[in-house]
Amino acid sequence: MIQHLDVDGVPTLLAATGGPMRAGLTFRVGTADETLARAGITHLIEHLALAPLGLADYHVNGATAQAFTTFHTQGSETDIAAFLTAVCGHLSDLPVARLDVEKEILRTEWSSRGAASVDDIPLWRHGARDYGLASYPEWGLGALTADDLREWAARWFTRENAVLWIAGARVPAGLRLPLTAGTRQPVPIASSALPQTPAYFVSGSRAVVLDSVVRRRAAASVFAGVLERELYRSLRQEAGLSYTTTAGYEPRGDGYATLRALADALPEKQDAVLGGVVDVLAKMRVGRIEQADLDATIAKREDFLGIAEVDAVRLPSYALNVLTGEPNLSVDEHRAELKAVDLADLHEVAGEMTASALLMVPDGLSADWAGFAAAPTHSTEILQGTTYSSKEGNAALRIGVDGVTLLRTDNPLTVRYDDCSAMLVWPDGARQLIGSDAIALHIEPTLFNLNPAVIPAVDAKVPDDRQIAMPARAADAIPQPQFVRQPTAPTNNTWWEVPAMALSGLGFVLVGGLSVLLTLAMLLTETEPGEEQLWGAVVVLWLLTVILALPIVKLWRRRRQRRR
């Protein structure tokens, strides 16, 4: 059983375990609650709450996810009580003396993390807001102040917005949770940057990823297991195209869940893997699902539900449901749900997955042929305003009262000021505006013929709390125009051009006329024996005519360019 208790006003879950005692304190706050200009504030508070604890002799850690932040530990009752009590004390009175140190640690953490295949998917699905912020760096760290952190902690890290779970025989003696009062916070409303689905986008990753949003239910969870089996069989065992084939199901807390599949590929096999993933989904969408795969997946889930530690293992996910208001089922209710899932349910989930699908394909490939629409990479709106030409001649920048448009051949980029999630600000004058739809527009003053008042005008339109100061760039990192027309130096030494053109013209007329007359004479009269060499003279005259014409053409073009 999982017991529902209360510790200092914090809902508490307790389940027995035969192993070491472990516990976690989970809050309903994560990166999806932030804004792009404040990205990193929750993670920073998590670090500050743990920093004073130093190097512990038992396991402690923290994790900031999209909608939740958790502090967890494993050890003796005394260790667990001391850890959780200290964390709550630090959250109520943040140790801001370490603010600058922890900022640097987080920057280092971000710079050293490896890129994952699925990193860009949130951005493409949701844009530069809520769940899409997981794709962006923690740009907000630099400007965050101690007061910013205290306000954030007072709103989100409260006893009403937390759940404590403990795998052990009892609540540890001496445990105190000195959190401030607050309110339970709802799960963020998920936005969408996709005009239509199914859709696809191109990535530099060599993996093919299929991401979707489906209703949260047992059938969708089972479908993930069945899909993984089919991908493994089709792409690894039978075709030998992939090494890693996975599928996962993750509830979002709002009645929906993310259902995602991945298959890796060698560069020369990427098109085949893409076709294989699409074929597997199409096969399941039309109802071609093996009963044996369904039975095997359910049997695996039932095995998990039968272990002695099942309630203790379920505690973290059980706590998330308490925080979001989602129903929590007993083990017997889970078994009943699993047994009720049939092939028709899986067929229905396959249709949901297809309808909401976002497919990530490697460079050089597309999925138009499979009925997937290309996710937008440019804007449909072009704003009115003053247009400034590019020094390279390949674009133009239009600055208006409502926003900025970068005019390119067929792919304009527009960011409206009232829809700007953030603007990156460099000391050298460069700016990058990022719209809520994730469209990013870069303004490089070195590349455009801008009025000096343009950049200050743009700065004035974007609210201060959306501007992110960036570090100064090295001189060689500032782009310079590559194709600049060099102005012709003025010169007064042109008196000889007209006489030269006149002399060349006179020679052209005389020699050209002689060439025409001689050619006509040779064509209209019968050539006598021995006169064939006259044709050689005709050819020479025509060559001389062309040579005399060249100075005229060259001098005329030179004078015309100078007049421009």
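An account of the accompanying structure is given in this report. (Residues numbered from 1 in each chain as written. Predicted model: local features only at pLDDT ≥ 70, side-chain atom pairs only at ≥ 80, totals over all residues. Heavy atoms only, no water.)

**Points about the overall build of the protein chain**
For the protein chain, the count of helices and strands is 14 helices and 20 strands. Computed over the C-alpha atoms, the radius of gyration of the protein chain is 35 Å, more than 25% above the 24 Å expected from 2.2 N^0.38 for a compact globule of 564 residues. Overall, the protein chain is about 125 × 60 × 40 Å in size when its C-alpha atoms are taken along their principal axes. Counting across all 564 residues of the protein chain, residues that qualify as buried make up 45%. Considering only contacts within the protein chain whose residues lie at least 6 apart along the sequence, 74% involve residues at least 24 apart. Put simply, the protein chain shows about 28100 Å² of open surface, and 56% of that area lies on carbon and sulfur atoms. A distance of 5 Å separates the average location of the 50 positive side-chain charges in the protein chain from that of its 66 negative side-chain charges. (Helix = DSSP H or I, 4+ residues; strand = E, 2+ residues; numbered from the N terminus. Rg over C-alpha atoms; globule rule 2.2 N^0.38 Å. Buried < 20%, exposed > 50% of the residue type's maximum accessible area, 1.4 Å probe, protein only. Contact = heavy atoms within 4.5 Å. Areas by Shrake-Rupley, 256 points an atom, 1.4 Å probe, with all protein chains shown as cover. Lys, Arg positive; Asp, Glu negative; His and termini not counted. Charge placed at Lys NZ, Arg CZ, Asp CG, Glu CD.)

**Notes on the packing of aromatic side chains**
Where two aromatic rings form a pair, the distance of their centres and the angle of their planes describe that pair. Applying the stated rule across the entire model yields five aromatic pairs. When the centroid spacing of 5.9 Å and the interplanar angle of 55 degrees are considered together, the rings of Y136 and W139 count as tilted. A relative accessible area of 8% places Y136 in the buried class. Relative to W156, the ring of W152 has its centre 5.4 Å away and its plane inclined at 40 degrees; by these criteria the two rings are tilted. Of this pair, W152 and W156 both sit in helix α5 (residues 146-156), four residues apart, which is roughly one turn of the helix. In this structure, W152 and W156 share a single accessibility class: buried. Aromatic rings pair up to connect F27, F71 and F157 into one cluster. Looking at R473, its charged tip hangs above the ring of W426, at a distance of 5.4 Å from the centre. (Phe/Tyr/Trp six-rings, centres within 6.5 Å; stacked < 30°, edge-to-face > 60°. Lys NZ or Arg CZ within 6 Å of the ring centre and 35° of its normal.)

**Some points on the sheet that holds strand β12 (residues 373-374)**
Remark on secondary structure: sheet strands pair via backbone hydrogen bonds, oriented parallel or antiparallel. If you walk across this open sheet you meet the six strands as β9-β10-β8-β11-β7-β12, and the pairing is mixed. Here the strands that pair on one side only, and so sit at the sheet edges, are β9 (245-251) and β12. In terms of strand pairing, β9 meets strand β10 (residues 256-263) through seven bridges, oriented antiparallel. Residue pairing for β10: T245 is matched across the bridge by A263. Lying on the sheet, helix α7 (residues 270-285) is in contact with β8 (208-215), β10 and β11 (358-362); it crosses β8 at an angle near 20 degrees. (Pairing = 2+ DSSP bridges. Axes fitted to C-alpha atoms, helices over the stretch in contact; angles between N-to-C directions.)

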